[in-house]
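Fold and contact review
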Amino acid sequence: MKLTTFVLTAAALGALASQAAGAKPAKPAPGAKAPAFTVTAGDITDRRRNDNFFNRLEIVLKLDGEGLDDVKGARALIRKAADDTGRSLIGDERKPVEFERSMGQGAPTLRLELKNPARRATVLKEVSGQVELFVPARDPNATARMDGFLARVDKPLASPPLKSAKVDVTLVSRKTYDDEKKKDEERRKKESEGSGVAGQMAEAFAGLFSGMMGDIGEHDVLLRVSDPDKKVFSVEVLDGAGKPIDGRGSMKVGGFWILNFPEKLPDEASLRVYLLTSKAVVTLPFALKDVVLP
């Protein structure tokens, strides 16, 4: 097996990689300052193998400019990618590209994963597309905050931004969760009783899958979310001072969000939901041309 791995740093690119095309972001919300972000090429990793395992071309996109601390998420959408032999480097199976979330200050790192260039290829003729940045500060309707939400259980939480986005969020009480779980267990038991061995197998797997989800902890927050247009970007809990409360992570299971917390939340805690609105998403075109491969 022959394995070749190359890494080309941004500094080594020099004049070989063109700067991203001049960004013309969406018009800002009234009173918002237009961002001046740019997209350039970072490290390039070229793994060419003949066994089809882990063979790919990876390009890191670097984001620069003022206001990156306001960027909560980003994603890169590739429109064209080809080497100097004319080979398309875009994979046959195109999966929806999810937003990468920021961890701390600054925008997240974006990586383009492409098919390997042809063996005789020496240049990336063109890699182009657009980067989308989620900047909720640009649109008041991109943030919904519900103060004292812990006292409003089993009823949709009211908020103009949620209504505008056609999103319903309900804090599910522990009693409702336990009742629904019991009903589900009884339903699955009745279904398996009349299905013989096959039903018993299905019941066993159902138990396994529910075990992977785990029980809702004493201090966890369970939200039922109706989001037909996929507008919800993230959900977090704030303390009385408006600072995010660190938890043990979160997960999405079907139409539910589960937020894990090791300790009891303060009564004055608030719920903040970030929503993907058109005004809060900034689009930056990029075009890398005639980039010499390592």
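Notes on the structure follow. (Residues numbered from 1 in each chain as written. Predicted model: local features only at pLDDT ≥ 70, side-chain atom pairs only at ≥ 80, totals over all residues. Heavy atoms only, no water.)

1. Some details on the overall build of the protein chain
- A tally of helices and strands in the protein chain yields four helices and 15 strands.
- When burial is assessed residue by residue, the protein chain has 40% of its 294 residues classed as buried.
- Counting only contacts in the protein chain whose residues sit at least 6 apart along the sequence, the fraction spanning at least 24 positions is 77%.
- Surface accessibility of the protein chain: about 17000 Å² in total, with carbon and sulfur atoms responsible for 52%. (Helix = DSSP H or I, 4+ residues; strand = E, 2+ residues; numbered from the N terminus. Buried < 20%, exposed > 50% of the residue type's maximum accessible area, 1.4 Å probe, protein only. Contact = heavy atoms within 4.5 Å. Areas by Shrake-Rupley, 256 points an atom, 1.4 Å probe, with all protein chains shown as cover.)

2. Observations regarding the packing of aromatic side chains
- Tallied over the entire structure, the rule returns three aromatic pairs.
- When the centroid spacing of 6.1 Å and the interplanar angle of 85° are considered together, the rings of F99 and F233 count as edge-to-face. Within this pair, whereas F99 is found in the loop between β4 (73-83) and β5 (100-101), its partner F233 is found in strand β11 (residues 232-238), the two being separated by 134 residues in sequence.
- Looking at F99, the relative accessible area reads 11%, which means it is buried.
- Taking the centre distance of 6.3 Å and the plane angle of 80° together, the rings of F134 and Y274 count as edge-to-face. With F134 in strand β7 (residues 123-134) and Y274 in strand β14 (residues 270-275), this residue pair connects regions lying 140 residues apart in the sequence. Assigned by exposure class, F134 and Y274 land together as buried.
- In this arrangement the basic side chain of R101 is found over the ring face of F233, its NZ or CZ atom lying 4.4 Å from the centre. (Phe/Tyr/Trp six-rings, centres within 6.5 Å; stacked < 30°, edge-to-face > 60°. Lys NZ or Arg CZ within 6 Å of the ring centre and 35° of its normal.)

3. Remarks on the pattern of salt bridges
- Applying the stated rule across the entire model yields ten salt bridges.
- Notably, a salt bridge pairs R111 with E58, separated by 3.6 Å at the nearest N-O pair. Of this pair, R111 sits in strand β6 (residues 110-114) while E58 sits in strand β3 (residues 56-64); the two residues are 53 residues apart in sequence, bridging distant segments of the chain.
- Classification of E58 by relative accessible area gives buried; the value is 12%.
- Measuring nitrogen to oxygen at the nearest pair gives 2.5 Å for the salt bridge that ties E236 to R272. Here the residue E236 occupies a position in strand β11, and R272 occupies one in strand β14, the gap between them amounting to 36 residues.
- Given a relative accessible area of 17%, R272 falls into the buried group. (Salt bridge = Lys/Arg side-chain N within 4 Å of Asp/Glu carboxyl O.)

4. Regarding the nonpolar core
- Core analysis: the largest hydrophobic core is formed by 32 residues, its most contacted members being I59, L61, V127, V131 and L133.
- Those elements that place two or more of their residues in this core are β2 (38-49), β3, β4, β6, β7 and β15 (281-292).
- By residue number, the principal contributor to this core is β15, which donates five residues.
- If we ignore the near neighbours within four places in the chain, the residues touching V127 are I59, K80, A81, L112, L114, F286, A287 and L288.
- Counting residues in each nonpolar core, the second largest holds 23 residues, with V167, L171, L223 and A269 among its members. (Core = buried A, V, L, I, M, F, W, Y, C linked by side-chain atoms within 4.5 Å.)

5. Here we look at the sheet that holds β11
- Spatial strand order, β8-β14-β11: three strands in an open sheet with antiparallel pairing. Whereas interior strands pair on both sides, the edge strands pair on one side only; in this sheet they are β8 (143-147) and β11. On average, each strand axis in the sheet is tilted by 15° relative to the strand beside it, whichever way the strands run. (Pairing = 2+ DSSP bridges. Axes fitted to C-alpha atoms, helices over the stretch in contact; angles between N-to-C directions.)

6. Here we look at the pairing of strand β10 (residues 221-226)
- The pairing of strand β9 (residues 168-171) with β10 spans four bridges and is antiparallel. Note that in β10 the partner of L171 across the bridge is L223.
- Of the pairings in the sheet, the one linking β10 to strand β13 (residues 256-259) comprises four bridges and is antiparallel in character. If you follow L223 over to β13, its bridge partner there is W257.

7. Side note on the pairing of β6
- Side chains L110, L112 and L114 of β6 all project onto a buried face; the interleaved residues R111 and E113 project onto a face where none is buried.
- Relative to β6, β3 is paired through five bridges, and the arrangement is antiparallel. Paired with L61 across the two strands is L110, which belongs to β6.

8. A look at the sheet that holds β15
- The antiparallel open sheet is built from four strands, whose spatial order is β5-β4-β7-β15. Across the chains shown, the open sheet's two edge strands, defined by having one partner strand only, are β5 and β15.
- For β4 and β7, the ladder comprises ten bridges, and the chain directions are antiparallel. By the bridge assignment, I78 is partnered in β7 with G129.

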